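Reading the structure
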Amino acid sequence: MKILKRISAFSIIGLVLIFLNSCDDNSDTFTISAPNAPVLADLQITQIELDATNTGNPALALNWSESDYGQPTAVNYAVQFSMDDAFTSPVTATSVTGTSAITLSVGELNSAAGNAGLNPFEWATLYTRVVASLGTQNSEPITSNVLQFDVYPFYNYVFNDYYLVGDATAPGWNNNNNNPALFRDENNPNVFYYTGRFAENGHFKVLQAKGLWQPQWGTDDGTTVGANPGGGSDPERFPYGGGDGIPEGFYTFTINFSSNTFTFEPFDALGITSPTSLSIEGSGVASSIALSPLSFDGHIWFANGVRLTPGEVNFMTGSGTSWGNTTSFSGVATAGGGSIPVIVEDDYDIWFNDLTGRYILIPLNL
């Protein structure tokens, strides 16, 4: 009898433990079925000519049937474009959740076409599709059918430009005083340089648009780049984050907007003589345009609002030496170094640095 009682007790305890374990297991299982692909509705237009003067106007409306994952959950849809029907290098123009229609503006479609690799001012075929997925990780993706249409893009200027301001620089603390441009690296659009004279006990900041204080960049710790894109607190001034200014002299300022780092190093300008005159010449300009040196620093040359047309240009010195390179918009010119291609017509601000050969051509209306 004692053995039976002992077994019964053990049995009861076991049942209780099983019950408790079953009560503790409150995990949810989210099971989806094999989703059906979204289906893009046929387009009502086969050709779209994009107008650079009305970039906010609607250009393309896309509609598709929703994907069903077997659960009442919101589905993500990424609208992609490509220059080939295999989508070798797809570009995502926009993403939406829980809706099955979008309208892209002229500017948005032009950017998508340019990012996909289409040339400006040429008719070409652009392919589009929708990719459905779930959650923040875009899980269980499934792709729609592919549609195509012909598009005529205008030029897609994808670069940012930046300018100096501050009492160590030519314009002082005036944000719209012919502020010198930073020179963009020809291979890395996130890296910019400025080599030139900086005034005694001065500081400076970087602006993205002349006449506006935001966005602006500075430093708080003398090592990393701080930013105020608008509405926030301003960072301190380059190069030390405040305090005493720099000794007067020539320096190279390098800023990397992707890593948010910068350097500020002395530059030996002794023995570098500026040309007596400098002009921009070539098939991309109607006639020779003289550049002017900054009175603050005679090594920095500029010309504002120069009309350039598709073709080529060079920097010509008073002694007849031609300086150039083969990279458009920005690069490092050398004597006899080829011609700078002008790929789109516009009015440009042109800057040239005879210390380094760096140049930048900034379109004003793109």
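This structure is a prediction, so every number in the text was calculated from the model and none was measured.

Parameters at a glance
Residues numbered from 1 in each chain as written. Predicted model: local features only at pLDDT ≥ 70, side-chain atom pairs only at ≥ 80, totals over all residues. Heavy atoms only, no water. Domains from an automatic or database assignment. Contact = heavy atoms within 4.5 Å. Buried area = accessible area lost by both parts, 1.4 Å probe. Salt bridge = Lys/Arg side-chain N within 4 Å of Asp/Glu carboxyl O. Polar contact = N/O pair within 3.5 Å; in protein donor to acceptor, adjacent residues only side chain to side chain. Helix = DSSP H or I, 4+ residues; strand = E, 2+ residues; numbered from the N terminus. Nonpolar A, V, L, I, M, F, W, Y, C, P; charged D, E, K, R; others polar. Buried < 20%, exposed > 50% of the residue type's maximum accessible area, 1.4 Å probe, protein only.

Turning our attention to the domain arrangement of the protein. For the protein, the assigned domains are domain 1 (39-152), domain 2 (157-270) and domain 3 (273-365). The gap between the C-alpha centroids of domain 2 and domain 3 is 22 Å. Each partner contributes residues to the interface: domain 2 has 27 residues there, and domain 3 has 24 residues. Between domain 2 and domain 3 lies a buried interface of about 2000 Å² when both sides are counted; carbon and sulfur atoms form 64% of it. Among the residues of domain 2 in contact with domain 3, N178, F183 and E186 are the three that bury the most area, contributing 30% of the side total. The interface formed by domain 2 and domain 3 contains 2 salt bridges. In this structure, R358 engages E186 in a salt bridge whose closest nitrogen and oxygen atoms are separated by 3.3 Å. The tally of links between domain 2 and domain 3 comes to 7 residue pairs in polar contact (both at pLDDT 80 or more). For the side of domain 2 that touches domain 3, the secondary-structure elements that each account for two or more residues are β10 (183-184) and β11 (191-198). Class assignment for the residues of the side of domain 2 that touches domain 3 results in 16 nonpolar, 5 polar and 6 charged.

Moving on, we get to unusual backbone geometry. Here the residue pair Q214 and P215 is connected by a cis peptide bond, since its omega of 0 degrees sits within 30 degrees of zero. Inspection of the secondary structure assignment puts P215 in the loop between β12 (205-207) and β13 (216-218). Residues F238 and P239 are joined by a peptide bond in cis, for which omega reads 0 degrees. Relative to the helices and strands, P239 resides in the loop between β14 (226-228) and β15 (249-256). Positioned with a positive phi, E140 is a non-glycine residue whose angle comes to about 50 degrees. Among the structural elements, E140 can be located in strand β7 (residues 139-143). For F329, which is not a glycine, the phi torsion comes out positive at approximately 70 degrees. Note that F329 resides in the loop between β21 (322-324) and β22 (330-332). Assessed through its relative accessible area of 4%, F329 is described here as buried.

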